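These are the residues of each chain, in order.
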Amino acid sequence: MTRLSQSLVLFLLLLPLATLAHAAEPSAGITPPLVLEEIPPPEKAKGAPVPLDGRTLFYLQGISSYPAEFRAKAVTERIRDAALDPSYSAEKISLQERDDRTVILFGTKTLVTVFDLDANAEGVSRKILAEVIRARIIAGISDYRAAREPRVLIENSGYAFLYAVIFAAALFGLARGFRWLRTKTAARIERKLQALEFQSRHFIQAEQLATVATRLLSGLQWLAMLILAVLFLQRVLGLFPWTRHIAQELLGLFIKPLETMGQGIVDVLPDLAFLVVLAVVVVYILRASRLFFAGLGAGTITIASFEKEWAGPTYRILRLVIVAFAVVVGYAYIPGSSSDAFKG
C-alpha cells in the first residue's frame, strides 16, 4: 500500500471520529372547453383555492374564526350544486353590491361573498375582483356541464379505446424491438471479445459481459414501458371529469422526485467543489511533507539538533495532524452532515 493510499485510509478512519465530535456539540380531456382557460384566475395571495373538476377557479381569504380552507370548501360545494341544477343558466349568476361586501348569487342563492379582505389580498378593488370571480364561475360551470354531456363522454370513450390500442401496439413493438436488440448485442459482444478473452487467459468473460449488457437493455425496456404506461394513464384518465384530478397528479408522482434529486445535486455542488479543492490541497501538502522528511531521513536536508532517525516518525505524526485537520475543516461541507443520521 502506498503512502498516499495510507493517508486516504487514515482520512476515512478519522471521519467517524469527527462525526462523533460534532454530534456531541449542541390533464385535460381531448375536447377540453376553452372558455375557462381564456379567463385567468386571480393571483394566489396566501388564500385557499376554490376548485371545480380539478381546476382552480379563484382563491379566498380567511380569518382565525373561519379559515380560508373551510370557506373555500363551502363555496366549492355551492358552485357544484349550481352546476348540477337542471335550471342553471349563466344569466342567473348575478352580483349584488352591499356596504361591506359583494355577493355573487345563483338566482336567490348565495354562491360567494367577496369581502374587502379578498380584494386587498389581490391588490384590486372589490368590484373588479367580484366580476372576475363571477366570470370564472360561469366558465367553470360551463366546462363542468359540457364535460358530462353524453356526446362528449361517448366521444372520449372512443378516444380512450383508441389510446388503449395504440398503447398495446407500442408495448408489443417495444418488446419485439428490445428482444432483437438483446440478441444482436449478446452475439456481437461474444464475437468481438472471444479473442480478447483468450488473450487475457479468461480473466475477461465474454459471456458475463453479454449478460450484463442484456440486463441493462432489459432495465431500459422496463423503464420505457413504465413511461408509456404513465403517459397512457394520464391521457385516458384526463378524458373523463371524474378521474381528471388523478391524471393531473399522476405525472407529478414521477417528476417531483426527479426534481427533488436534481435540486439536491445542484444544492450540494458548492460543498462538493470545496471538498475536492480541500482534498487536492491536502494531497499536495502530504506529498511535499513526504519529500521533505524523506530528504531529512536521507541526509540531503539537515536541521540543527534533528536526527535522521526522527524523520519517519515525525512525518507520520504530521500526516495524522494534517488529515485530522482536513477532516474537521471539511466535515461541515459533507452533504447531509447536519442531518440526524450524522449526528447520531
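Above: the structure in question.
Just so we're clear, the structure is a prediction, and the values are computed from it rather than from any experiment. (Residues numbered from 1 in each chain as written. Predicted model: local features only at pLDDT ≥ 70, side-chain atom pairs only at ≥ 80, totals over all residues. Heavy atoms only, no water.)

Draft legend 1. Expanded view of the pattern of salt bridges. Per the stated rule, a full pass over the model turns up 9 salt bridges. Put simply, R126 and E97 hold a salt bridge, and the shortest N to O gap is 3.3 Å. Taken together, the residues R126 in helix 4 (residues 126-146) and E97 in strand 3 (residues 93-97) connect sequence positions 29 residues apart. Classification of R126 as buried rests on a relative accessible area of 13%. Of the charged contacts in the structure, one is a salt bridge between D116 and R126, with a shortest N-O distance of 3.2 Å. On the criterion of sequence distance, the pair formed by D116 in helix 3 (residues 116-122) and R126 in helix 4 is long-range, its members being 10 residues apart. Sharing partners across several salt bridges, the network here consists of D53, R148 and R244. (Salt bridge = Lys/Arg side-chain N within 4 Å of Asp/Glu carboxyl O. Helix = DSSP H or I, 4+ residues; strand = E, 2+ residues; numbered from the N terminus. Buried < 20%, exposed > 50% of the residue type's maximum accessible area, 1.4 Å probe, protein only.)

Draft legend 2. How the structure looks around the nonpolar core. Judged by nonpolar contacts, the single largest core of 27 residues is most densely connected at F58, I79, V112, I137 and I141. Elements represented by at least two residues in this core include exactly strand 1 (48-52), strand 2 (55-60), helix 2 (68-84), strand 4 (101-106), strand 5 (109-115) and helix 4. The element that contributes the greatest number of residues to this core is helix 4, accounting for 7 residues. Apart from the residues lying within four places of it in its own chain, the contact partners of V112 are F58, L60, V75, T102, V103, I104 and I137. Core analysis: the second largest hydrophobic core is formed by 8 residues, A160, Y163, F167 and L239 among them. (Core = buried A, V, L, I, M, F, W, Y, C linked by side-chain atoms within 4.5 Å. Contact = heavy atoms within 4.5 Å.)

Draft legend 3. Just the sheet that holds strand 5, in detail. Strand order in the open sheet formed by 3 strands is 3-4-5, and the pairing between neighbours is antiparallel. If you trace the sheet from one side to the other, it starts and ends with strand 3 and strand 5, each paired once. Direction aside, the axes of adjacent strands within the sheet are offset by 25° on average. Bridge count between strand 4 and strand 5: 6 bridges; the pairing is antiparallel. Within strand 5, the residue paired with I104 across the bridge is V112. Here helix 2 sits on the sheet and contacts strand 4 and strand 5; the angle it forms with strand 5, its principal contact strand, is near 140°. Against the sheet, helix 4 engages strand 3, strand 4 and strand 5, with an angle of about 165° to strand 3. (Pairing = 2+ DSSP bridges. Axes fitted to C-alpha atoms, helices over the stretch in contact; angles between N-to-C directions.)

These results come straight from atomic positions and should not be treated as a statement about function.
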